[in-house]
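In case you want the letters, here they are:
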Amino acid sequence: MEPNHSNKVLSSPPALEAKDNLSMMHSKFICCKLYISESRNTMAIDAIDTAARCDPQVAVLSKFEDCLYNRVRYTLVSYIVNDSSTDELIYSPIRKVLMAMMESAFSTINLELHSGAHPRMGVNDDLSFHPLGQATMEDAVRLAKLVASDIGNDLQVPVFLYAAAHPTGKSVGAIRRELGYYRPNYMGSQWSGSMLPDVLPISPDEGPSNVSSERGATTVGATPFLENYNVPILSKDVAVVRRITRSVSGRGGGLPSVQALALFHGDCTEIACLLDPDHVSAYQVQTVVEQIAADQGLEVEKGYFTDITKDRMLDKYLKTASPAD
């Protein structure tokens, strides 16, 4: 039986002494996690993979696919260049690569035909930017806003900014709740087809207020680096697992800064967590879930990370990417 998800690294061109060259030329780097609503359509994934390799200075450090969620996440890293006089970000090759990947996704994926066990509101559902090396949160915010403008103006897709990229720091969860993101519209635990109204109930930060049912909308944010950690609960009762999820999440009074979502996943229900490793460890999340689940008479499997850690990310990029000619 094939696994429902896979976590792998796309092959990149070898680069002799790339680590030394890039680390000498640049000190500021950026990570972007791009979430796309597809993992079953091989043609679409192949086209996006090809677009991801269009610039050797941008490395896809990991790619996580889940066929039950019908969703894929790409983790990309590249350098950023600031103006020497103002220190404002003026360039990163990651911007062009992200646009190429999103254009490929739009040309091969139709949200009206999409279904899966993970909520989503767009083909290119979410982009989160995270500073690495000597990059600042201001650098991440500037790049997030530039990419959001590209999506809204060039691709004509509504974009909602969140976290540090939003003027008041509005969370992505708050935006999604206003848009009905977390409400399944198929079989009680699935999302199918377009789920946004033609005219949005809240105004986007970029792009049109009207929504294409084929493309949907996108969220773009800038945050400290977050880790993805999923904990499988051996139960198909999503409602029961949701109660555990609320007790784990920071919003529900559980572990500070933890964002958690209960999602049906075949023979189990997963608690999908986003956590800030500077404040909460995966071990703490696992322990709390096991304790609460035991009170409910439920078994818990060992959780798993869906991405590489922040500590490994920059070193891996410097070993993988090729410097500019």
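Residues numbered from 1 in each chain as written. Predicted model: local features only at pLDDT ≥ 70, side-chain atom pairs only at ≥ 80, totals over all residues. Heavy atoms only, no water.

- An unreviewed UniProt entry lists the chain under the name glutamate formimidoyltransferase, from Urochloa decumbens.

1. Looking at the side chain of asparagine 124
Now for step 1: Relative to the elements of secondary structure, asparagine 124 occurs in strand β8 (residues 124-133).
Now for step 2: Reaching out from asparagine 124, the side chain makes a polar contact with the backbone oxygen of methionine 102 at a distance of 3.3 Å.
Now for step 3: Among all residues touching asparagine 124, those that are not within four sequence positions of it are Leu34, Tyr35, Ile36, Met102, Ala105, Phe106, Ala217 and Thr218. (Helix = DSSP H or I, 4+ residues; strand = E, 2+ residues; numbered from the N terminus. Polar contact = N/O pair within 3.5 Å; in protein donor to acceptor, adjacent residues only side chain to side chain. Contact = heavy atoms within 4.5 Å.)

2. Considerations on the nonpolar core
Now for step 1: Ranked by internal contacts, the top residues of the largest apolar core, which has 46 residues, are Leu76, Leu98, Leu127 and Phe129.
Now for step 2: Elements that contribute at least two residues to this core include exactly β2 (28-36), α2 (42-52), β4 (71-79), α3 (94-108), β8, α4 (137-154), β9 (159-163) and β11 (218-222).
Now for step 3: Of the residues forming this core, the biggest block, nine residues, is contributed by α3.
Now for step 4: With residues near it in sequence (within four places) discarded, leucine 127 still touches Cys32, Lys33, Leu34, Leu98, Met102, Val147, Ile151, Tyr162, Thr218, Thr219, Val220 and Gly221.
Now for step 5: Within the second largest apolar cluster, 19 residues are counted, among which are Tyr229, Val248, Ile271 and Ala282. (Core = buried A, V, L, I, M, F, W, Y, C linked by side-chain atoms within 4.5 Å. Buried < 20%, exposed > 50% of the residue type's maximum accessible area, 1.4 Å probe, protein only.)

3. Considerations on the pattern of salt bridges
Now for step 1: Under the definition given, this model contains 10 salt bridges.
Now for step 2: Here aspartate 55 ties to lysine 96 by a salt bridge, and the two come within 3.8 Å at their closest N and O atoms. Remark: lysine 96 occurs in helix α3 and aspartate 55 occurs in the loop between α2 and β3 (59-66); sequence separation between them is 41 residues.
Now for step 3: Owing to a relative accessible area of 7%, aspartate 55 belongs among the buried residues under this scheme.
Now for step 4: One salt-bridge network, held together by shared partners, links Lys33, Arg73 and Asp307. (Salt bridge = Lys/Arg side-chain N within 4 Å of Asp/Glu carboxyl O.)

4. A short note on the confidence of the model for the chain
Now for step 1: Looking at the chain as a whole, the pLDDT averages 92, with 93% of positions reaching at least 70.
Now for step 2: Across residues 12-18 the pLDDT falls below 50, and counting only partners more than four positions away or on other chains, this stretch makes 11 contacts in the model. (pLDDT = per-residue confidence, 0-100.)

5. Regarding the UniProt feature "domain: Formiminotransferase N-terminal subdomain" (unreviewed entry) in the chain
Now for step 1: Here the UniProt feature "domain: Formiminotransferase N-terminal subdomain" (unreviewed entry) sits at residues 28-224.
Now for step 2: Taken end to end, residues 28-224 is 26% helix and 28% strand, and its first and last C-alpha atoms sit 15 Å apart. (UniProt positions renumbered as here; feature names shortened; annotations may be inferred.)

6. Topic: the layout of surface pockets
Now for step 1: Its boundaries defined by the atoms lining it, the largest pocket holds a volume of some 1400 Å³.
Now for step 2: Along the walls of the largest pocket sit 50 residues, with Arg176, Tyr182, Gln259, Ala260 and Leu261 positioned nearest its centre.
Now for step 3: The element that contributes the greatest number of residues to the lining of the largest pocket is strand β13 (residues 259-265), accounting for five residues.
Now for step 4: Of the residues belonging to the lining of the largest pocket, the class tally is 23 nonpolar, 16 polar and 11 charged. (1 Å grid on protein atoms, 1.4 Å probe; cavity = no way out; pocket = protein on both sides within 12 Å on 5 of 7 lines; lining within 4 Å. Points joined across faces, edges and corners; volume = space filled by probe spheres on them. Nonpolar A, V, L, I, M, F, W, Y, C, P; charged D, E, K, R; others polar.)

7. A closer look at the pairing of β2
Now for step 1: Along β2, nine of the nine residues are buried, which leaves the element largely enclosed by surrounding structure.
Now for step 2: Residues of β2 alternate between two faces, with Lys28, Ile30, Cys32, Leu34 and Ile36 on one and Phe29, Cys31, Lys33 and Tyr35 on the opposite face, all of them buried.
Now for step 3: Inspection of the sheet shows β2 paired to β8 by nine bridges, in the antiparallel sense. Each bridged residue has a counterpart across the sheet, and for leucine 34 the counterpart in β8 is leucine 127.
Now for step 4: Bridge count between β2 and β4: eight bridges; the pairing is antiparallel. What sits directly across from lysine 33, in β4, is threonine 75. (Pairing = 2+ DSSP bridges.)

8. Observations regarding the sheet that holds β13
Now for step 1: With antiparallel pairing, the four strands of this open sheet are ordered in space as β13-β14-β12-β15. The sheet is open, and its two edges are formed by β13 and β15 (304-305), each paired on a single side.
Now for step 2: By the bridge criterion, seven bridges tie strand β12 (residues 227-233) to strand β14 (residues 268-275) in an arrangement that is antiparallel. Note that in β14 the partner of tyrosine 229 across the bridge is cysteine 273.

9. Observations regarding the environment of threonine 306
Now for step 1: Within the element layout of this structure, threonine 306 appears in the loop between β15 and α8 (310-320).
Now for step 2: The spacing of threonine 306 and alanine 51 is 255 residues in sequence and 22 Å in space, taken between C-alpha atoms.

10. Quick word on the side chain of aspartate 276
Now for step 1: With respect to the secondary-structure elements, aspartate 276 resides in the loop between β14 and α7 (282-295).
Now for step 2: The residues touching aspartate 276, leaving out its near neighbours within four places in the chain, are Pro224, Phe225, Leu226 and Ser257.

11. As for α2
Now for step 1: Looking at α2, one finds that the buried residues are Ala44, Ile45, Ile48, Asp49, Ala51 and Ala52. Seen along its axis, α2 keeps its buried residues to an arc of 160°; they face one direction. Of the exposed residues in α2, the ones pointing more than 90 degrees away from its buried face are Thr42 and Met43.
Now for step 2: Where α2 is buried, its residues meet β2, β3, β4 and α3.
Now for step 3: Measuring from the side-chain oxygen of the N-cap residue of α2 to the backbone nitrogen of methionine 43 gives 3.1 Å; that N-cap residue is asparagine 41. (Arc of directions from axis to C-beta.)

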